[in-house]
Amino acid sequence: MFVLVANLGSTSFKYRLFDMTSEKLLARGAVERIGSPISKATAQVGEQRQEREIHAPDHAVAVTLCLQQLVEMGALPSADQLAAIGFKAVHADGVSGVQLVTEEVLRAMEAFSDVAPAHNPPYIAAMRLLARELPHIPLVAAFETGFHETIPPENRFYAVPQEWYHQYGIRRWGFHGASHRYIAGRTAELLNNPAAKIISCHLGGSSSLCAIHNGKSLANSLGMSPQTGLPHNNRVGDFDPFALPVLMRRTGRSLEEILKDLASRSGLLGLCGSNDLRDIEARATNGDESAKLAIDVFVAAIRHYLGAYLLMMNGADAIVFTGGIGENSALIRSLVCRNLDWFGIYLDEEKNNTMRGEGTIHQPTSRVALWIMPTNEEIIVARQAADILSKRGVP
Ligand code: ADP
């Protein structure tokens, strides 16, 4: 069974193609500048890499041409052999888990476009177009909230009137589900312990921590929306809603305008004017105070949740760093793990500075294993898409 996993931007489309009988990655690629007179389609099949200029006025044409390219390069026997396109969808009102994309699912996503403003609108537009233009290809949405359905009530409820939860869906949903699910499975496999207590730290453009026990999510730092928890590259993280009326009064701006600022020019960007941690680290090294502050606030927030989850689970077997920052920033890992000797957590600075890819970075005496682990959200989405299709009788 061939499954294409797509990551959608408003003018781009990145993908991986899997053969799910063996879980083999057959191809990866992207179409960029969709909607411009000339778009670029890049595909990598084994050692073979191809870049071509195409005319892709929209995402449906981009998908059709990319399937053609994959057939020509020998990754796919024919375009009609594709069993499904899987998407890492973010949020929908009253819908979670893994779903075939229907008009009902799209409307539920639309209803939460203002809760996930950076994520939902480009996905809805492209999915709706694909459903209309390529109706023979099943579309599967694997919602980021799905892994967190096991979060117990004490970590799920906000302390608000009960009907807000029951009637309006106001709760901590949790996100980054595909990544945390992958880290849960892979870490349990590496530790040879399915019951392991794991704290997964996905640090990247979006960041969140997840407490995992027995393979199940117990808590996630993201709440009702993907704007909460840790500061993100340009989104706010935890914030007191009572600051909103003060801001509205003092700036004369509308609630929508202020929410837009919180979702697009806050987080690391708001603190120091840059949303790329590489630049921020370089500036901090050169003495830039606002860059140092951004790093300090980010690290303090990570340690806040790390401490909470260590307490909640009465310790941990492993703390895992993943995502663009988690995998690549030795500085952030080092700052997060400093002064944790009371917990018996000891980072090996040498390993932390040199480890690439998957590996441990703790000292032999550390009570908790510290891992760097590249995540693989695409294989999780591909598995979930294959699973829902098999249940519906697709071979
Ligand atoms: P997304 O959440 O959008 O998928 P990524 O997981 O790719 O994002 O993470 C992007 C972040 O990773 C950026 O802030 C970038 O600065 C950071 N990053 C990537 N490489 C490094 C590095 N070598 N050192 C520090 N930060 C890095």
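In what follows, the structure referred to is the one given above.
Residues numbered from 1 in each chain as written. Predicted model: local features only at pLDDT ≥ 70, side-chain atom pairs only at ≥ 80, totals over all residues. Heavy atoms only, no water.

**Student:** I'd like a description of the packing of helix 6 (residues 177–191) against helix 15 (residues 377–391), backed by residues and values.
**Tutor:** Two quantities define a packed helix pair, namely the angle between the helix axes and the distance between the axes. In contact at an axis separation of 8 Å, helix 6 and helix 15 are set at 95° when each is read in the N-to-C sense. One way to sum up the angle between helix 6 and helix 15 is to call them roughly perpendicular. Contacts from Ala178, Ser179, Arg181 and Tyr182 in helix 6 reach Glu377, Ile379, Ile380, Val381 and Gln384 in helix 15. Residue classes in the contact of helix 6 with helix 15 are distributed as 5 nonpolar, 2 polar and 2 charged. (Axes fitted to C-alpha atoms, helices over the stretch in contact; angles between N-to-C directions. Helix = DSSP H or I, 4+ residues; strand = E, 2+ residues; numbered from the N terminus. Parallel < 35°, antiparallel > 145°, perpendicular 65-115°, else oblique. Contact = heavy atoms within 4.5 Å. Nonpolar A, V, L, I, M, F, W, Y, C, P; charged D, E, K, R; others polar.)

**Student:** Requested: an account of the site of the ligand, with residues and values cited.
**Tutor:** In the vicinity of the ligand lie 13 residues, with Gly205, Ser206, Asp276, Leu277 and Gly324 positioned nearest. Between the ligand and the protein, one listed contact pairs an oxygen atom with a backbone N or O atom of Leu277 at 2.8 Å. Between the ligand and Gly324, the relevant distance is 2.8 Å, taken from an oxygen atom to a main-chain nitrogen or oxygen of the residue. When isolated, the ligand has an accessible area of 580 Å², and the protein chains bury 64% of it. For the shell around the ligand, the secondary structure elements donating two or more residues are helix 10 (277–285) and helix 12 (323–328). Top contributing element to the shell around the ligand by residue count: helix 12, with 4 residues. (Near = heavy atom within 4 Å. Polar contact = N/O pair within 3.5 Å; in protein donor to acceptor, adjacent residues only side chain to side chain. Areas by Shrake-Rupley, 256 points an atom, 1.4 Å probe, with all protein chains shown as cover.)

**Student:** Which residues make up the sheet that holds strand 7 (residues 98–100), and what are the values?
**Tutor:** The strand order 5-4-3-2-1-6-8-7 describes an open sheet built from 8 strands, whose pairing is mixed. The outermost strands of the open sheet, each flanked by one partner alone, are strand 5 (48–54) and strand 7. Going from strand to strand, the sheet's axes swing by 20° on average, the running direction of each strand aside. With 5 bridges joining them, strand 1 (residues 2–8) and strand 6 (residues 82–89) adopt parallel strand pairing. Bridge assignment links Val3 to a residue of strand 6, and that residue is Ala84. (Pairing = 2+ DSSP bridges.)

**Student:** Tell me what's going on with the sheet that holds strand 9 (residues 197–202), and back it up with residues and numbers.
**Tutor:** Strand pairs in the sheet, formed through backbone hydrogen bonds, run parallel or antiparallel to each other. Here 6 strands make up an open sheet; going across it, the order is 11-10-9-12-14-13 and the pairing mixed. Each end of this open sheet is capped by a strand with a single partner; those strands are strand 11 (216–220) and strand 13 (359–360). Of the pairings in the sheet, the one linking strand 13 to strand 14 (residues 369–372) comprises 2 bridges and is antiparallel in character. For Thr360, the partnering residue across the bridge sits in strand 14 and is Trp371. The sheet contacts of helix 6 involve strand 9, strand 10 (208–213), strand 11, strand 12 (318–322) and strand 14, and relative to strand 9 the element is tilted by about 135°.

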